[in-house]
Structure formats: structure tokens, C-alpha cells
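One letter stands for each residue in the lines below.
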Amino acid sequence: MKKIVLLLLTCFVINANAQKWEHLADTPQMGWSTWNKFQGNINEDIIKGIADAMVETGLKDAGYTYINIDDCWHGKRDANGFITVDETKFPHGMKALADYVHSKGLKLGIYSDAGTETCGGMPGSFGHEYQDAIQYARWDIDYLKYDWCSTTNINPQGAYQLISDALRSAGRPILLSMCEWGSNRPWKWATEIGHSWRTTPDIWCDFDSLRVFPGYTQFGVVQCINYNDTLRAYAGKGHWNDPDMLEVGNGMSVNEDRAHFTMWAMMASPLIIGNDIRNMSKEVKDILMNKEVIAFDQDTLGVQGLHFCDESGVAFWFKPLANGDWAFTLFNPTKKDVKIGINWQHLNFTDEEVSKKSTEFDKTVYKIRDVWQHKLVGKTSKKDKVDRTVVVPARDVISYRLIKN
Ligand code: GLA
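Everything numeric in this text was worked out from a predicted model, so none of it was measured.

(A) Highlighting the overall build of the chain. If you tally the helices and strands in the chain, you get 11 helices and 20 strands. Here the C-alpha radius of gyration of the chain, 22 Å, is about what a compact globule of 405 residues would show, namely 22 Å. Dimensions of the chain, computed from C-alpha atoms along their principal axes, come out at roughly 75 × 65 × 45 Å. Of all 405 residues assigned to the chain, the portion counted as buried reaches 56%. Surface summary for the chain: the accessible area is close to 17000 Å², and the carbon and sulfur share equals 52%. Side-chain charges in the chain split into 45 positive and 51 negative, and the spacing between the mean points of these groups amounts to 7 Å.

Structure (C-alpha cells):
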């Protein structure tokens, strides 16, 4: 009898504190979003064209799944308080668009905000959380990015728990991408609430500078990395640090784009493309579709990489992988090419903070595969001397998979 009462009590507690939808992001989510390229200038033809391009370019086969409509898709709330879609931009409505995207084997994402208004001045979800979740479920939405504008006097943990519970109770699995810019340290409290949380202010398409506006500042690639770097202990399967969406293909140089993409993969970040994939150069396509780099990001061990040391301004990054291999990246954020001599015996360490994995260069000889040249380039050495000398080009990376067997 006691056992039955205990069981009933446990069931009650589980129901009272609904958890987020599980297993929607066991590896970081991959997809595309309207925001970085189009801001509010969006419509259903763009979304359909992007869905077509996802398939035709091979991006879908490379793992990109979500097509995310960011801010400014909204119409008004109807007489019952349900949100509607802007009929000029989306004349066939959101459900028809979801059907189209699903017919391509892709998933559709949408955007809202915990406050009274979104950052673009559209109706926010405040006071309508359950209704909005029901509406998204009716439209067959698969992903919600939930922003943090116009939230004066709203408790952040409460607000994100509320929308997470609402999504759960609406009955359709929807990934929750939290976007409160790291302002309230969500990594401390959101593991059970969302599938990823932004750790930074908004990115802009620049490698290494801030763009300052009255009241807010945007980060370049390097600034995003420096912030996100310190938070690796909080990321893991189903709950990722998000240093914001990709700017690859939006105007940086090829080497900057390559470094940006590689570092996002080293940090197990969500890979949400932000350029117009209907029209992109071969170089950009080769970056976004580098399956060896994507494999670092999507590795099932689910560990965010670590910044081990620096030499002459070049950062040494390691990421342990599920099969015992390591991802190893030399990241040069400086404006000069830098020559680096690698002595593997100086790189023996154990990742005490997260994975407890050791590099063991004193015990193991790894094959070295260059994931940008797509070929084996040598082996690690057990000798205590500089074994390999490379030049890391300015604002670029050299990135290897160190293969154990
Ligand atoms: C905020 C978010 C951005 C984008 C815009 C939309 O700034 O951080 O990623 O969603 O709002 O208005």
C-alpha cells in the first residue's frame, strides 16, 4: 500500500512539474534562420525557396533540418487572443507553409518573445503563452526561438518555465531555443527548461569588433567565442550553449568564415545558417557542408570543446569525441600568419572539468587527419620535441581529427 501511495505521489509530482520535450536536441540543432540575412523582410516565397535549396544543395543531407522563421511573421491577435500570421507576407498561412517544409523532409521553426512585444515590435507571448503553444501545435511547428525583449518585471526562470510547460501541454514536440542573451545566466537554471540558450548578445557579420548602438551592442565572432568559452561545463546532451547564429556567407572573408564555422563546431554550438543559401559561392557551400567539421559539432559524446592554451596569439582547442578520437584546432584570431611548432608531449592533459578524457600523447600515437584538406597529414609523436611545424594563416584555423585507431 505504501508503495502504491508513493508511486501515485511521484506521478503527481512529475505531472505538476512537466519537463521539456526530451531528445529533440541530443546533438546541437542544425538548420537555417531568416534573421541574419533578411531581418523582418520575409515572406512565404523566401521560406519555400530556402526549403528547396536546403534539399538541392545537399545541406539537408549534411544534417541541416530546421527552417526557422525569426521575428516579424506576426499578424494581430484575433478576438479570442490567438495569434495570427501576417497575411501579406504569408498569404497561404502558417499551416500550409509547414506542410510544404515537411513535404521536403525538413522542419519548421517560429519565433516569439516572453515579453509584451518582440524585439521587432510584434505581439509578444506575455499572458498568451498557453494559447501561443496551442497555435504553434495546430500549425505543426517544430521549433520555437523565444526572445527576451519588453520583459520589464518578468522573472526569467518563470517565463521560460512557463513557455516550456505550455509547449509540453500543447502535445506537439517543439524544440525550445531560449534567447535571453545570457543576461540572467540561464546555464545555471535552464537545463530542464530549454534545449539551448543564447550565451551572448547578437552576433553581427564581423570577425573581431563590437557594433555599438544606443542601449545594446553586437558581438563579432571572436567576442562570441570568448564569452561562450567560459561556459563549457554547463553544456551537454539536450542543453547547449548558443553563441548565436552563423554569419558564414554574409560578407566575411573565406578564412574568417572557415574559422567561425570550425569554432562553432568545436564549441558544440547549434549550427543555424544565416546566409541566403539559394545563392551562395562554392567556398561558402564547402564550409557549411564540411561533414568532417559538422561531425565534431554533432559528436554523440556531447562535450563542448576546451581552450587549452595559447601560443603567439594562437589558441589551442581540443574536443573529445565519442570514439576516443580528439578534435584539435589551432585558432588564429590575429591579423598575422603565425608559425607554430607542435610538441605533442606538451599537450598531455585530462579534461577534469567535463569529460574526464585524457589526450595521452605519451601513450597513444594518433593519426592526424586535416579536416579542411580532407587527408591524413601525419602522426603524433611520443618524443618530447617539436614534431610538427605549421603556419596558421591570419584569422583562420588549422583543424585536425586525431584518430586513435
Ligand atoms: C533579438 C535576437 C535576435 C533576433 C532579433 C529579432 O535581437 O537576439 O537573434 O531574433 O531579436 O528581432
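(B) The layout of surface pockets, seen in detail. Space inside the largest pocket adds up to approximately 500 Å³. Along the wall of the largest pocket there are 28 residues; nearest its centre are Trp35, Cys119, Asp202, Tyr216 and Gln218. For the lining of the largest pocket, the elements supplying multiple residues, two or more each, are helix 2 (35-38), strand 6 (143-147), strand 9 (211-213) and strand 10 (216-218). Of the residues forming the lining of the largest pocket, the biggest block, three residues, is contributed by strand 10. Along the lines of polarity and charge, the residues of the lining of the largest pocket split into 13 nonpolar, six polar and nine charged.

(C) How the structure looks around empty space enclosed by the protein. Overall, the coordinates contain two cavities of 30 Å³ or more when judged by the stated rule. Roughly 150 Å³ of volume is contained in the largest cavity. If you trace the largest cavity, you find 19 residues lining it, with Asn68, Tyr143, Lys145, Ser177 and Met245 closest to the centre. At the level of secondary structure, the elements contributing two or more residues to the lining of the largest cavity comprise strand 5 (107-113), strand 6 and strand 7 (175-178). Residues that form the lining of the largest cavity fall into these classes: nine nonpolar, five polar and five charged. Size it by volume and the second largest cavity reaches roughly 30 Å³. Surrounding the second largest cavity, Lys20, Trp21, Ser164, Leu167, Ile174, Leu176, Ile193 and His195 form its lining. Tallied by class, the residues present in the lining of the second largest cavity amount to five nonpolar, two polar and one charged.

(D) Main features of the sheet that holds strand 14 (residues 314-320). The six strands lie next to each other as 13-14-15-20-17-18, forming an open sheet whose pairing is antiparallel. The two strands at the open ends of the sheet, each matched to only one other strand, are strand 13 (306-311) and strand 18 (375-379). Averaged over all pairs of adjacent strands, the angle between strand axes in this sheet comes to 25°, irrespective of strand direction. Here strand 17 (residues 367-370) pairs with strand 20 (residues 396-403) via four bridges, running antiparallel. Paired with Ile368 across the bridge in strand 20 is Leu402.

(E) Local environment of the site of the ligand. Not every one of the 13 residues close to the ligand is listed here, only the nearest: Asp70, Asp71, Lys145, Asp147 and Asp202. Asp71 is positioned with one of its side-chain polar atoms (N or O) 2.7 Å from an oxygen atom of the ligand. The side chain of Arg198 places a nitrogen or oxygen atom 3.3 Å from an oxygen atom of the ligand. Burial of the ligand by the surrounding chains reaches 93%, relative to a free accessible area of 300 Å². A molecule is said to occupy a pocket when more than half its atoms come within 2 Å of that pocket's grid points, and by this definition the ligand occupies the largest pocket. In terms of residue class, the shell around the ligand is built from six nonpolar, one polar and six charged.

(F) A look at the packing of aromatic side chains. If you walk through the whole model with that rule in mind, you get 22 aromatic pairs. Note on Trp73 and Trp139: the rings are 5.7 Å apart at their centroids and 85° apart in plane angle, and the pair reads as edge-to-face. Of the two residues, Trp73 sits in the loop between strand 2 (66-68) and strand 3 (74-77) while Trp139 sits in the loop between helix 6 (129-138) and strand 6, which places them 66 residues apart along the sequence. Just as Trp73 is buried, Trp139 falls in that class too. Site record: aromatic cluster; members linked through ring pairs are Phe308, Phe316, Phe318, Trp326, Phe328, Trp344, Phe349, Phe361, Tyr366 and Tyr400. When the ring centre of Trp21 is taken as reference, the NZ or CZ atom of Arg168 above it lies at 4.2 Å.

(G) Representation of helix 9 (residues 254-266). In this model, helix 9 (13 residues) spans 18 Å end to end at C-alpha, consistent with the 18 Å of a helix rising 1.5 Å per residue. Within helix 9, 10 of the 13 residues are buried, leaving the element largely enclosed by the surrounding structure. Residues of helix 9 that are buried include every one of Glu256, Asp257, Ala259, His260, Phe261, Thr262, Met263, Trp264, Ala265 and Met266, and no others. Just beyond helix 9, the residue with positive phi is Ala268, at close to 50°.

(H) Just the pairing of strand 1 (residues 30-33), in detail. What you see with strand 1 is no split at all: Met30 and Trp32 on one side and Gly31 and Ser33 on the other are buried throughout. Bridge analysis of strand 1 against strand 12 (residues 271-273) gives three bridges, and the strand direction is parallel. By the bridge assignment for strand 12, Trp32 is matched with Ile273. Of the strand pairs in this sheet, strand 1 and strand 2 are connected by three bridges, and their pairing is parallel. By the bridge assignment, Ser33 is partnered in strand 2 with Asn68.

About the cut-offs
- Every chain begins its residue count from 1, and numbering advances along the sequence as written.
- Local features in a predicted model are, by the rule used here, given only for residues with pLDDT of at least 70; side-chain atom pairs are given and counted only at 80 or more, and totals for whole chains, interfaces and linings are based on all residues.
- Side-chain calculation: all heavy atoms of the structure are included, whereas hydrogens and water are not.
- Put simply, DSSP H or I for four residues or longer makes a helix, DSSP E for two residues or longer makes a strand, and each gets a number counted from the N terminus.
- With C-alpha atoms as the basis for the radius of gyration, the globule rule is written as 2.2 Å multiplied by the number of residues raised to the power 0.38.
- Note on classification: 1.4 Å probe, protein chains only; a residue is buried when its accessible area is under 20% of the maximum for its type, exposed when over 50%, partly exposed between these limits.
- For every accessible area listed, the method is Shrake-Rupley and the probe measures 1.4 Å; residues are considered covered only by the protein chains on display.
- Only four residue types enter the charge count: Lys and Arg as positive, Asp and Glu as negative, with His and the chain ends excluded.
- All charge positions are set by atom: Lys at NZ, Arg at CZ, Asp at CG, Glu at CD.
- Here a cavity is any set of points on a 1 Å grid over the protein atoms alone where a 1.4 Å probe fits but cannot get out, and a pocket is any open set with protein on both sides within 12 Å along at least 5 of 7 lines; a residue lines the site when it has an atom within 4 Å of a point.
- Grid points are joined across faces, edges and corners, and a volume is the space filled by probe spheres set on the points.
- Side-chain classes are defined by residue name, with Ala, Val, Leu, Ile, Met, Phe, Trp, Tyr, Cys and Pro counting as nonpolar, Asp, Glu, Lys and Arg as charged, and the others, Gly among them, as polar.
- Any two strands with at least two DSSP-identified bridges between them are counted as paired.
- Orientation is described by axes fitted as lines to C-alpha atoms, over the contacting stretch for helices, and by angles from 0 to 180 degrees between their N-to-C directions.
- A molecule or strand has a residue near it when one of that residue's heavy atoms lies within 4 Å.
- Polar contacts here mean pairs of N or O atoms no more than 3.5 Å apart (in protein, one a potential hydrogen donor and the other a potential acceptor; neighbouring residues in sequence count only if both atoms are side-chain atoms).
- Molecule-in-pocket calls rest on the fraction of atoms, with more than half required to lie within 2 Å of the cavity or pocket grid points.
- Only rings of Phe, Tyr and Trp enter the pairing, Trp through its six-membered ring, and a pair is recorded when the two centres are within 6.5 Å. The plane angle decides the type: under 30 degrees is stacked, over 60 is edge-to-face, the rest tilted.
- Lysine and arginine charges are scored as sitting over a ring when NZ or CZ, respectively, is within 6 Å of the ring centre and within 35 degrees of the ring normal.
- Given a helix with a known number of residues, its expected span is that number minus one, times 1.5 Å.

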